[in-house]
Amino acid sequence: MMTNKKAGILDSTLREGEQTPGVVFTTDQRIDIATRLSDTGVSMIEAGHPAVAPDVYEGIKGIVKLKKEGVIKPVIIAHSRAVKSDVETAASLDVDRIAIFYGVSDRHLAAKTHKTREQALSIIGEAVSFAKSQGVPVRFTPEDATRTDYDYLVSAIKTARDAGADRIGIADTVGIMWPLETRNLFQRLIHDVPGVEFDIHAHNDMGNAVANSLAAVDGGATIVHATVNGLGERVGITPTQVIAVALKYHLGLDVAKLDKLVELSALVEKYSGLPVSANFPITGDYAFVHKSGVHVAGILSNPETYEFMDPSLLNKGRNYVIDKYTGKHALKSRLDGMGILLNDEQLSDLLNRIKNNQSAKFFRDEELLEIAEEVTGKMLKPRPPEYIEGLVWVKCGSNVYTTSVTRRISIVNNVTEVMEVSGDYDIMVRIKARDPAQLNQVIEDIRSVKGVGSTLSSLVLKKM
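Here's a quick rundown of the structure.

Calculation notes
- Residues numbered from 1 in each chain as written.
- Predicted model: local features only at pLDDT ≥ 70, side-chain atom pairs only at ≥ 80, totals over all residues.
- Heavy atoms only, no water.
- Pairing = 2+ DSSP bridges.
- Helix = DSSP H or I, 4+ residues; strand = E, 2+ residues; numbered from the N terminus.
- Axes fitted to C-alpha atoms, helices over the stretch in contact; angles between N-to-C directions.
- Contact = heavy atoms within 4.5 Å.
- Buried < 20%, exposed > 50% of the residue type's maximum accessible area, 1.4 Å probe, protein only.
- Core = buried A, V, L, I, M, F, W, Y, C linked by side-chain atoms within 4.5 Å.
- Phe/Tyr/Trp six-rings, centres within 6.5 Å; stacked < 30°, edge-to-face > 60°.
- Lys NZ or Arg CZ within 6 Å of the ring centre and 35° of its normal.

### Looking at the sheet that holds strand β5 (residues 138-143)
If you walk around this closed barrel you meet the eight strands as β1-β2-β3-β4-β5-β6-β7-β8, and the pairing is parallel. On average, each strand axis in the sheet is inclined to that of its neighbour by 25°, with strand direction left out of account. Sheet analysis places strand β3 (residues 75-81) next to strand β4 (residues 97-103), joined by five bridges and oriented parallel. Bridge pairing in β4 places H79 opposite A99. Across the sheet, helix α5 (residues 117-133) is in contact with β4 and β5; its angle to β4 comes to roughly 170°. Where helix α8 (residues 209-218) meets the sheet, its contacts fall on β6 (167-172), β7 (197-202) and β8 (223-226), and the angle it forms with β7 comes to roughly 170°.

The following block contains the structure:
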């Protein structure tokens, strides 16, 4: 696909993403995420607001160090209020850019800053000018831009531009825009305020963040703000993995290495403690899993019938569910892959048993094998090795929100069930492993979860 558009991703997982309720990254996690973002190929990393807390400051410091060593490649940005002390703190870290924000809608001026429009323009100009005097490029973000009187928005942007800002981030702070309106806004701003480039920061309150980001790029925006897994205030902003694929598919823009997105999503899922839903676009477990018999027959014949992209480009594979919706073609294909050959009569019998079984949501390969053996009356292939099961009781640390620990544990590999319980311990975890070594590793992974104070582990010897 040919396009004359240009765009890149500014990933704000370390700033906007950490504003998700319950999400806190350690310094080491911040540096690890930044390194993975660099490997993924994003253009910019908004590393945080250094004046917020010492750990954020240290995290940015570590990221900048790796940038100077050539380990991290993207532009590193520090967030700042339009306050001299914030700007000084950000500049002291030797970041590549400072991003200053100020609320410009009449709602923000009246209820938050208690400033007149003229006073706000003066504050914006002075803050940007001071940041520029520190020898650092400046982005200015007019907060709540999409609910701001247009003429005043233009005045605020021109004030920032004339004071030295070369980028402007248009923030749809409460996610009220819709795509056509977004495209028109960016086209109009680019015409009325030359000399700067524009970013889009789209919140997802109405579910339009991705669509609005695409529309902004179509209207001339050159940077899209995003977070891995769509983290952020309230329901978050544009998800990095979704917008990266959407920009590639719709506009032919290579803004990230697609085969790194699944790994990146899993890392942020682990560190944030917020599980990604199985049906999350692009990187969710079900993104390329098919269920309907018609759909499965289609993808077995030609994957393009029900897939917009080859999942291998994302380092994922395609799969399909065997359940009551399954057709004979899909069932035969799954059995063939297991090395099990049934005649038409046996295949029909097996399919009927599946459709009449009301107790299973779907059938795993080992369950299909058991039913196939019932149909044929003979052993078809050796049984897979049994798993080892273990139980881990977890006591949370003091002043720790138990549910947040439960969520973090639930995404540890090989954890099959997590329950909050009463008594001496706070959480009970059921785990499965292929051997003792893997069982020990899972237990260690649980112990390393933030908020876990102590554990007690037991091996399941017999189940009735």
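Still to come is the rest of the account.
### Some remarks on the pairing of strand β13 (residues 427-433)
Burial analysis of β13 places five of its seven residues in the buried class, which makes it a mostly covered element. Where strand β12 (residues 415-420) lies against β13, five bridges are found, and the strand directions are antiparallel. Each bridged residue has a counterpart across the sheet, and for M419 the counterpart in β13 is M428. The turn linking β12 back onto β13 is made up of six residues, and G423 within it adopts a positive phi angle of 110°.

### Quick word on the nonpolar core
Ranked by size, the top nonpolar core spans 89 residues in total, and within it I100, V128, F140, I170, L189 and F198 carry the most contacts. Residue contributions to this core peak at eight residues, all from helix α6 (residues 150-163). Here I170 is in contact with P142, A145, T146, I157, L185, F186, L189, F198, D199, I200 and H201, once residues within four sequence places are set aside. With 20 residues, the next largest nonpolar core counts I299, I340, L350 and I354 among its residues.

### Comments concerning the packing of aromatic side chains
By the definition in use, this model includes three aromatic pairs. Both rings, one in Y249 and one in F308, keep their centres 5.7 Å apart while their planes meet at 85°; by these two values the pair is edge-to-face. With Y249 in helix α9 (residues 240-251) and F308 in the loop between α11 (293-301) and β10 (319-320), this residue pair connects regions lying 59 residues apart in the sequence. Judged by its relative accessible area of 43%, Y249 is partly exposed. Taken together through their ring pairs, the aromatic side chains of Y249, F288 and F308 make up a single cluster. Over the aromatic face of Y150 sits the side chain of R188, whose NZ or CZ is 3.7 Å from the ring centroid. The ring of Y425 carries K395 above its face, with NZ or CZ at 5.2 Å from the centroid.

### Quick word on unusual backbone geometry
Despite not being glycine, D94 shows a phi value in the positive range, around 60°. Tracing the backbone through its elements, the reader meets D94 in the loop between α3 (84-92) and β4. The exposure class assigned to D94 is partly exposed, which follows from its relative accessible area of 44%. The phi dihedral of R234 is positive, around 55°, even though this residue is not glycine. Overall, the relative accessible area of 43% leaves R234 in the partly exposed class.

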